Amino acid sequence: MSDLEQLEADLNQRIADAADETALEAVRVAALGKKGAVSERLKTLGAMTPEERQVMGPAINGLKSRIADAIAARKTTLANASLNARLVNERVDITLPVRPASLQEGRIHPVSQVIDEITAIFADMGFSIAEGPDIETDYYNFTALNFPPDHPAREMHDTFFMPEKEDGSRMVLRTHTSPVQIRTMEAHAEAGDDIRVIIPGRTYRYDSDQTHTPMFHQVEGLVVDKTSHLGHLKWVLAEFCKAFFELDDIKMRFRPSHFPFTEPSLEVDIGCDRSGDKVKLGEGDDWMEILGCGVVHPNVLRFGGYDPDVYQGFAWGMGIDRIAMLKYGMPDLRAFFDGDIRWLTHYGFPPLDVPSLVGGLSR
Amino acid sequence: MKFTLSWLKEHLETDADVRTLTNALTMVGLELEDLHDPRDLLGAFTIAKVIEAKQHPNADRLKVCLVDTGLGDPVQVVCGAPNARTGMTGVFAPVGTHIPGTGLHLESGVIRGVESNGMLCSERELMLSDDHEGIIDLADEAPLGAIYAEWAGLDDPVIDIAITPNRGDALGVHGVARDLAAVGLGTLKDRTPASIKGEFPCPVAVHLQFDDDTKQNCPAFALRMVRGVKNGPSPEWLQKRLIEIGLRPINALVDITNFVTYDRNRPLHVFDAAMVTGDLVVRMAKDGEEVLALDGKTYRLDPSMTVIADDRSVESLAGIMGGEESGCTADTTDVLIESALWDPINIARTGRTLGINSDARYRFERGVDPAFTVPGVELATELVMSFCGGTPSDIVVAGAVPDGEVVIDFDPAEVKRLAGLEVSWVEVKRVLTLLGFWVAGNEAPYKIAVPSWRPDIHGSADLVEEIVRIIGVDRVEPAPMPRLAAVTQSALTVGQVRDRMAKRALATRGMVEAVTWSFIPAAAAEAFGGGSPELKLANPISADMSDMRPSLLPGLLEAARHNADRGYFDLALFEVGQIFADDTPEGQRRAATGLRRGAAKLDGAGRHWSGTAGPVDVFDAKTDASALIAALGGPADRLQATADAPAWFHPGRSGVLRLGPTVLAHFGELHPSTLADLDIEGQFAAFEVFLDAIPIAKQKASLSMPALRASDLMPLTRDYAFVVDSDVEAGRLIRAAAGAEKALIDDVTLFDVYEGEHVGAGKKSLAIAVTLQPREKTLTDEEIDAVSGKIVKAVEKATGAVLRG
């Protein structure tokens, strides 16, 4: 073995033996440093004859290059080993539970969710949203809606009254969202605009039992133009019910009834099966009333500032809480307003489940 | 409104079965509430004969009966009834029958070793009475094998329908029959009462004593005496009918008035003439007058109420309830029959004031047929004479039945215009005629005269309703609404968008939306700035629901308490809803309010291996409020926080987020005294954001956004620690630093607050990091020093701070 071969073998052994980067660096200095073994050999080239140099030059330079490569390779190996050791050291128990994200914990109340669903459907049919105050005048809540004074129809409304004022008048808590019909018409009467609105909101009746709460939510619809009639009303409600209850086919029954502010007046039942614990829609031979509706009474149009010989329209109103219960199966209306965290978490909706017609009303 | 099928058939000639009839009632607007058909329950019970009853071998009180059901071989039945005996006729239930009185399903069995295959029934088992002394014991001629209920006449279905307030005419069976005839389910029978000639003048005169303001309260009053009657129980058929519809038979004279009330929607009153002193005067009550009414209660009257009085006292509350003293009893021999017209509004008010709900009030409020005032007396007379004998007087009528015939000009095209229903004039005419309207004219508009029993019909729209409900809503074809725009347009106002976004934004922060009552207890309202008299309900449903809420916090606190009572202590609730400053529309505002209780922090509540959440505090509330305002597009970077939150917050740990004078939000921990007053325990961080106070961004001319100004130059950060007096607000220091060189300073972050020995008593250290963003070129050390100098100087000037060495 030549001297050079011996050196290379020694250096390779020392590189292989270097246990860490510090040891390897020592080898590098000993071999390739200014006074390193390989560097010293290179210096000897100057004193050689051209013939010797021609042989030894490539040999020593080759050795230098191979040693440098060997050090680099060993360095990579050592770095990998040390990284691996660190990674092993950094291992954690990934089965440890993390805290639930706030996004998981938050909930939207079913009433809000259902109002958003209703809004998505009617917005697509060209309706906008109108609102009005909860504390109403007798005029907007009754008189302008064609309730004659002292008529039994007023008594059927079980009204909450505010204190009597000096002039003898008293405000009421609105018993339905219908006063907003008049307010909306008044706002548009001068321009003679066509109206397509829905009116969601809180309503109040002096009533409290298993199926009634003194506060509840209604959504009202109003269309006023020069052409809309009972046939359009039937179509709108049928399309709404299919979209809202997410059923391709839903049986509906329109029954004549009476409301002072519509004529003809109808109540609408949907077909269902009540034989089990829960009401099932879209099947069975039972009926469940879900809303009241009708053609806007001429007097109501007049009160709103529209000429009933020129304009016409229709209106409907339904209980938001009730259709929410029907769709999502909550058994008890009273629980809606308890603020019980268990109920809210169970029946509420995740915040990013925003109902839309594109993404689906529910999931 | 209840009646029986047989009663209906007295007014309607029909072959239709009860289901067809009741379905039709629903579809004409007389909604079926309940149908009680005894045949559904009693159809299996048949008449049977006991061939032999002998002592049970193993039981003293039982008998073994061999029963001939008339339907094949005799059946053996073990029976415990003391009256079971050989040869008797009774009511038999075969195995498999549901026994309504016990709720049991009858099965065959072995009783004390003897087989029993059926049952002999008591009245209680059939729910006919409470009698359970023995089994039903029928006369021998009862036909063997026949259905007992049919033979006994117990099979008359009872129909209960809901009457809408406009349909007083359907509060009589005759009116119900008219609607059914109109839909083609039979023919309305002519039941016009015969006129009965009086045989002597009515000895009691009637005086209507009203002035011009009150005379509408009684337009007409008809009276007749029937002399020499013998009052007693009414005939069995009438008693049975009244019982079936839930009324109590009293005596023939009283039962007749109830019958006519339900038969024709014509309430009547009968006086015992012997108890009436002098003439009858119809007038307004005198203040403080009293009357003992037939319900046994004494009512104190006022001058708004109409009464019938004699020389002695008030005898009857007009149109509502008769008086006890002149009521008819078994001793009555001379009866006065009253049929009068009363003003619906006056009756409604009086009834409401006195709290009396009677069949008469119910009908007069909704309107009776004025034209039937006198016929009502005739019908009653006929029945009185038939049941009780007697001799009738002439009829006296005080006042006059108004002849207010309503005639409507009607164009049948209105049916198409309003209801979208194509219908021929012939059909319209047929329907209206069947309903009792008079139709005249050869072309539109036709003249339509409204029958006297339909005071609810005023104009064309009412006639359209009549036609639609009789012809059938089902014939109205659904018609698509034209689309207003090819692509759905935005439907929401800014306020509505904010409402929705506020809910979603808070829910993404882990908060749960509650919907709480709009009315809260007075103490809670007062504790949160409310309780003004105009916002107190005059008739609250309970003391806990008396005041319109000035804030959403009381409702949420109550919910938190409710949950804590069930062991749920750490929770984050919010509500977005209306609050009330006064009773005007403008006084109703929208708030988004939330509270965190216990350790319900944004990052999670309670104990956890990664670190246990501490109690919620003012800064949790401030974060929620600020985040919400930012989410709603509010000017989060320009908000000022001031320490002047309302009294229900902790005075030292709460604040207001505002833009100058405009308050956008309150936030903070709640005042311990407020919580104590409401008896609520726990640590709360709460906020209330006033949604309509957040300014609406100006509509921009273009939707295009300004160009992004992103520098290629590295931003650099310098830290400064200042020592200030303890009461110096950090916000002031930050604002001063940020304003020192606006062109360069991008951001100021306060990263440390220190109070302690290193800065001395009454002092604190505030450390800030200021980010400088060079725009044109890299900053030189001199330029950086210059900016630093400005920052230090500005902070010193604004806060009296000293830069820490």
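Chemist: Tell me about the overall build of chain A, and please be specific about residues and values.
Modeler: Along chain A, the regular secondary structure elements total 13 helices and 10 strands. Computed over C-alpha atoms, the radius of gyration of chain A comes to 42 Å, more than 25% over the 21 Å expected from 2.2 N^0.38 for 363 residues, which places it beyond the range of a compact globule. Taking the principal axes of its C-alpha atoms as reference, chain A extends roughly 130 × 50 × 45 Å. Taken across its 363 residues, chain A has 44% of its residues classed as buried. Taking contacts inside chain A between residues at least 6 apart in sequence as the whole, the part at least 24 apart equals 66%.

Chemist: With reference to specific residues and values, describe the environment of B:Asp156.
Modeler: All names here are of chain B. Residue position: Asp156 is located in the loop between helix H4 (148–151) and strand S13 (158–161). Through-space distance from the C-alpha of Asp156 to that of Ala559 is 53 Å; in sequence the pair is 403 residues apart. Beyond its immediate sequence surroundings of up to four residues, Asp156 is in contact with Thr4, Leu5, Ser6 and Glu244.

Chemist: Can you lay out the domain arrangement of chain B for me, pointing to particular residues and giving the numbers?
Modeler: All names here are of chain B. In terms of domains, chain B is made up of domain 1 (2–37 + 157–188), domain 2 (40–151), domain 3 (206–399), domain 4 (407–475), domain 5 (494–693) and domain 6 (716–803). Inter-centroid distance (C-alpha atoms) of domain 1 to domain 4 is 21 Å. The element that contributes the greatest number of residues to the side of domain 1 that touches domain 4 is helix H5 (residues 173–182), accounting for four residues. For the side of domain 1 that touches domain 4, the per-class residue count stands at five nonpolar, three polar and two charged.

Chemist: Could you give me a rundown of the sheet that holds strand S42 (residues 763–772) of chain B, with the residues and numbers involved?
Modeler: Residues and elements named next belong to chain B. Spatially, four strands are ordered S41-S42-S40-S43 in an open sheet, and the strand pairing comes out antiparallel. With partners counted over all chains shown, the strands left at the sheet margins are strand S41 (745–754) and strand S43 (802–803), one partner each. Relative to S43, strand S40 (residues 716–725) runs antiparallel, the two being bridged by two bridges. Within S43, the residue paired with Phe722 across the bridge is Leu803.

Chemist: Any details on the interface of chain B and chain A? Residues and values, ideally.
Modeler: Taken together, the contact between chain B and chain A spans 80 residues of the former and 73 residues of the latter. Considering only residue class, the side of chain B that touches chain A consists of 40 nonpolar, 20 polar and 20 charged.

Chemist: Provide a residue-level description of the pairing of strand S28 (residues 446–449) of chain B, including the pertinent values.
Modeler: All names here are of chain B. Pairing geometry for strand S26 (residues 407–410) and S28, over four bridges, is antiparallel. Of the residues in S28, the one forming a bridge with Phe410 is Tyr446. Across three bridges, strand S27 (residues 438–440) lies against S28 in antiparallel orientation. Paired with Val439 across the strands is Ile448, a residue of S28. Turn length for the S27-S28 hairpin, with the two strands adjacent in sequence and antiparallel, is five residues, and the turn residue Gly441 shows positive phi of about 110°.

Chemist: Could you give an account of the packing of helix H1 (residues 3–17) of chain A against helix H2 (residues 21–32) of chain A, with specific residues and numbers?
Modeler: Residue and element names in this part refer to chain A. Viewed as axis vectors pointing N to C, H1 and H2 meet at an angle of 160°, and their least axial separation amounts to 8 Å. If you check the angle between H1 and H2, you find them roughly antiparallel. The chirality of how H1 crosses H2 is left-handed. Contacts between H1 and H2 involve Leu11, Arg14 and Ile15 on the former and, on the latter, Leu24, Val27 and Ala31.

Chemist: Quick one: what's the story with the nonpolar core, residue by residue and with numbers?
Modeler: Generally speaking, soluble globular proteins have nonpolar side chains that are buried together. One finds B:Val335, B:Leu336, B:Val384, B:Leu573 and B:Val689 to be the most contacted residues of the largest nonpolar core, which totals 242 residues. Setting aside chain neighbours within four positions, we find B:Leu573 in contact with A:Gly339, B:Met511, B:Val512, B:Ala514, B:Leu556, B:Ala559, B:Ala560, B:Gly594 and B:Leu595. B:Phe45, B:Val91, B:Leu106 and B:Tyr148 belong to the second-largest nonpolar core, a separate cluster that totals 29 residues.

Chemist: Kindly report on helix H10 (residues 230–245) of chain A, identifying the contributing residues and their values.
Modeler: Helical periodicity: at 3.6 residues per turn, an α-helix aligns residues three or four positions apart in one direction. Residue and element names in this part refer to chain A. The terminal C-alpha atoms of H10, which comprises 16 residues, lie 22 Å apart, in line with the 22 Å expected from a rise of 1.5 Å per residue. Residues of H10 that are buried include every one of Leu230, His232, Leu233, Lys234, Val236, Leu237, Phe240, Cys241 and Phe244, and no others. Looking one or two places after H10, you find Glu246, whose phi comes out positive at around 55°.

Chemist: So what about the domain arrangement of chain A? Which residues, and what values?
Modeler: In terms of domain boundaries, chain A breaks down into domain 1 (3–89) and domain 2 (109–347). The centre of domain 1 of chain A, based on its C-alpha atoms, is set 90 Å off from the matching centre of domain 2 of chain A.

Chemist: How would you sum up the environment of B:Met321? Please name residues and give values.
Modeler: Residues and elements named next belong to chain B. Mapped onto the secondary structure, Met321 falls in strand S23 (residues 321–322). Between the C-alpha atoms of Met321 and Arg224, which are 97 residues apart in sequence, the distance is 19 Å. Setting aside residues up to four positions removed in sequence, Met321 forms contacts with Ala293, Leu294, Asp295, Ile356, Ser358 and Ala360.

Chemist: Help me get a handle on the confidence of the model for chain B, residues and values and all.
Modeler: Residues and elements named next belong to chain B. Summing up the model confidence of chain B, the mean pLDDT is 93 and the portion of residues at 70 or higher is 100%. Least confident of the elements in chain B is helix H3 (residues 38–42), whose mean pLDDT is 81; most confident is strand S29 (residues 512–513), at 98. For this predicted complex, the interface confidence reaches an ipTM of 0.90, while the overall pTM sits at 0.87.

Chemist: Quick rundown of the sheet that holds strand S6 (residues 75–79) of chain B? Include the residues and the values.
Modeler: All names here are of chain B. Pairing is antiparallel in the open sheet, where five strands are placed in the order S6-S5-S4-S7-S12. Strands with a single pairing partner mark the edges of an open sheet, and in this sheet they are S6 and strand S12 (118–120). This sheet shows a mean twist of 45° between the axes of neighbouring strands, independent of strand direction. Relative to strand S5 (residues 63–68), strand S4 (residues 46–55) is paired through six bridges, and the arrangement is antiparallel. Counterpart to Lys49 in the pairing with S5 is Asp68.

Rules and cut-offs
- Residues numbered from 1 in each chain as written.
- Chains lettered and ligands numbered in written order.
- Predicted model: local features only at pLDDT ≥ 70, side-chain atom pairs only at ≥ 80, totals over all residues.
- Helix = DSSP H or I, 4+ residues; strand = E, 2+ residues; numbered from the N terminus.
- Rg over C-alpha atoms; globule rule 2.2 N^0.38 Å.
- Buried ≥ 20, exposed ≤ 12 C-beta atoms within 10 Å, placed from the backbone.
- Contact = placed C-beta atoms within 7 Å.
- Domains from an automatic or database assignment.
- Nonpolar A, V, L, I, M, F, W, Y, C, P; charged D, E, K, R; others polar.
- Pairing = 2+ DSSP bridges.
- Axes fitted to C-alpha atoms, helices over the stretch in contact; angles between N-to-C directions.
- Parallel < 35°, antiparallel > 145°, perpendicular 65-115°, else oblique.
- Left-handed = near helix turned anticlockwise from the far one by under 90°.
- Core = buried A, V, L, I, M, F, W, Y, C linked by C-beta atoms within 7 Å.
- Expected span 1.5 Å × (residues − 1).
- pLDDT = per-residue confidence, 0-100.

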